[in-house]
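Descriptive structure summary
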Amino acid sequence: MFALAGMVVIFRTRFLYMSALVIILAVGSIVLTWTYFRLPYADAYFYWIEVSNGVDYPVHLSHFSVFLGVIAVLVVISLSRSMEIMLKINHIWNREHSKIYQDNKKAHRANVYLLHNIVPKHVAKVLFKHRNRTDFMYNSYHPDVAVMFCAIPNFSDTFYHESTGNRHGLECLRLLNEIFAEWDRLLVRPEFSIVEKIKTIGPTYMLAAGLDGPPERHNSVSVLAMFAQRMLQELDEINAHAFNNFQLRIGLNSGPLVSGVIGARKPLFDIWGDTVNLASRMESTGVEGKVQVTAQTAMSLRRCGFKLTGRGGINVKGKGVMETCLISEWPDVDYAAADDCLWETSI
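Notes on the structure follow. All values derive from a computational prediction rather than experimental measurement.

1. Brief notes about the pairing of strand S4 (residues 195–201)
Strand direction decides the pairing type here: S4 and strand S5 (residues 204–209), joined by six bridges, are antiparallel. Its bridge partner lying in S5, Lys-197 is registered against Leu-207. In this antiparallel pair of consecutive strands, S4 and S5, the connection spans two residues, and Gly-202 shows a positive phi of 60 degrees.

2. Looking at the pattern of salt bridges
The full count for this structure, using the stated rule, is eleven salt bridges. Measuring nitrogen to oxygen at the nearest pair gives 3.9 Å for the salt bridge that ties Glu-234 to Arg-230. Of the two residues, Glu-234 and Arg-230 both sit in helix H7 (residues 217–242), four residues apart, roughly one turn of that helix. Between Lys-319 and Asp-274 there is a salt bridge, and its shortest N-O distance comes to 2.9 Å. With a gap of 45 residues between them, Lys-319 in the loop between strand S9 (307–316) and strand S10 (320–329) and Asp-274 in helix H8 (residues 274–284) connect regions that are remote in the sequence.

3. A look at the packing of aromatic side chains
Under the counting rule described, the total for this entry stands at four aromatic pairs. Between the aromatic rings of Trp-183 and Tyr-205, the centroid separation amounts to 5.3 Å while the plane-to-plane angle is 80 degrees, which identifies the pairing as edge-to-face. Of this pair, Trp-183 sits in helix H6 (residues 170–186) while Tyr-205 sits in strand S5, placing them 22 residues apart in sequence. Here Trp-183 falls in the buried class, since its relative accessible area comes to 0%. Site record: aromatic cluster; members linked through ring pairs are Phe-180, Trp-183 and Tyr-205.

4. Section: the layout of surface pockets
Put simply, the largest pocket is a space of about 820 Å³. As for the largest pocket, its lining consists of 23 residues, of which His-116, Asn-117, Leu-187, Glu-196 and Lys-197 are closest to the centre. Taken together, the elements giving at least two residues each to the lining of the largest pocket come down to helix H3 (61–116), S4 and strand S7 (268–272). With six residues, the top contributor of residues to the lining of the largest pocket is S4. By residue class, the composition of the lining of the largest pocket is twelve nonpolar, five polar and six charged.

5. Observations concerning H8
Within the sequence span of H8, burial applies to Thr-275, Val-276, Leu-278, Ala-279, Met-282 and Glu-283. Buried positions in H8, seen along its axis, are confined to an arc of 165 degrees and lie on one side of it.

6. Looking at the nonpolar core
Across soluble globular proteins, nonpolar side chains show a tendency to be buried alongside one another. In this structure, Met-148, Trp-183, Leu-207, Met-231 and Leu-252 are the most contacted members of the largest nonpolar core, which totals 44 residues. Excluding anything up to four places from it in sequence, Leu-207 contacts Ala-146, Val-147, Met-148, Cys-150, Leu-187, Val-195, Glu-196, Ile-198, Leu-224, Phe-227 and Met-231. Counting residues in each nonpolar core, the second largest holds 19 residues, with Ile-198, Ala-208, Leu-211 and Ala-279 among its members.

7. Some thoughts on a nonpolar patch on the surface
Residues Tyr-141, Val-258, Ile-262, Leu-268 and Trp-272 make up a contiguous nonpolar surface patch of about 470 Å² in total accessible area. Breaking the nonpolar patch down by element, the ones donating at least two residues are strand S6 (249–262) and S7. One can find Tyr-141 in strand S3 (residues 139–151).

What counts and how
- Residues numbered from 1 in each chain as written.
- Predicted model: local features only at pLDDT ≥ 70, side-chain atom pairs only at ≥ 80, totals over all residues.
- Heavy atoms only, no water.
- Pairing = 2+ DSSP bridges.
- Helix = DSSP H or I, 4+ residues; strand = E, 2+ residues; numbered from the N terminus.
- Salt bridge = Lys/Arg side-chain N within 4 Å of Asp/Glu carboxyl O.
- Phe/Tyr/Trp six-rings, centres within 6.5 Å; stacked < 30°, edge-to-face > 60°.
- Buried < 20%, exposed > 50% of the residue type's maximum accessible area, 1.4 Å probe, protein only.
- 1 Å grid on protein atoms, 1.4 Å probe; cavity = no way out; pocket = protein on both sides within 12 Å on 5 of 7 lines; lining within 4 Å.
- Points joined across faces, edges and corners; volume = space filled by probe spheres on them.
- Nonpolar A, V, L, I, M, F, W, Y, C, P; charged D, E, K, R; others polar.
- Arc of directions from axis to C-beta.
- Core = buried A, V, L, I, M, F, W, Y, C linked by side-chain atoms within 4.5 Å.
- Contact = heavy atoms within 4.5 Å.
- Patch = residues over 30% accessible without salt bridge, like charges linked within 9 Å, V, L, I, M, F, W, Y side chains within 5 Å.
- Areas by Shrake-Rupley, 256 points an atom, 1.4 Å probe, with all protein chains shown as cover.

Below, the structure written as structure tokens:
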């Protein structure tokens with residue numbers, strides 16, 4: 001038992017001198033114990049040790065008992081000291097391990113937060129799954145997605161200018177950032193959980209709805225149209241507080257498109273397709289303060305209670321003359337209840 005304890009101390013501590021002492025004491029105790037139990041019954045009190053030339057010296061058994069007791073005490077002390085050192089080392093190791101684990105956990109949360117602000121959550125899951133593959137490229141086809149472009153045309157035309165009074169345009173950009181930040185806060189609301197901000201291009205804000213979910217066009221279109229109403233309301237409030245007269249021009253379209261992530265060092269999530277191009281044309285040919293949609297998108301919105309006004313034929317670049325509509329009235333929607341035209345699921 002003492003020999004086994006000595007071996008354990010060797011492997012569990014880094015103090016070789018302590019391990020050597022335990023081995024010596026353990027071996028000595030084993031030898032003496034083995035000698036003690038081999039004593040003949042006739043010599044119950046004395047054991048004759050032959051030294052040399054046939055001369056035997058008697059040794060009383062009490063001497064063995066005292067010696068064995070001293071060895072046992074020394075072994076116990078050595079083992080307790082070794083165990084104390086081992087526990088201290090384990091405590092220090094566990095503390096450092098816990099600190100490293102917490103630091104890695106914080107870094108992971110920070111990385112996930114940053115990635116979710118670069119790409120949609122469902123795309124981030126795929127990228128994390130294939131993070132060890134250098135040749136992986138995310139792309140996906142979507143049969144029905146709603147796309148919306150929102151621009152502030154008079155921001156660049158009349159408001160933005162560079163002078164020493166506005167710190168060479170920085171104050172103008174600060175106000176634009178305030179507008180975009182208010183729209184960003186709308187994205188975290190549960191009723192707009194399927195809406196994804198794609199990117200901003202100058203004073204233009206680009207969104208899409210339905211990139212991750214069942215392909216039901218009228219759902220994504222109606223949610224994005226309701227988001228447009230909230231954007232108009234937020235801009236009106238900012239105008240009232242900043243004493244400005246910014247006007248929002250919005251174009252909305254729905255249909256198939258392709259999404260993907262491009263870039264290795266600075267990945268960028270984007271969407272492509274004729275649906276995206278046509279939504280951009282709806283914005284550029286639209287009316288300030290209104291939401292212009294294609295005739296096909298208008299049919300989906302009417303099924304969800306929206307009222308639209310036909311604008312007639314509009315010359316659209318690359319498409320010729322197209323029939324478009326303007327949203328004239330939004331339905332009163334109770335977001336707390338499920339609706340055939342609105343999603344309440346969290347993605």
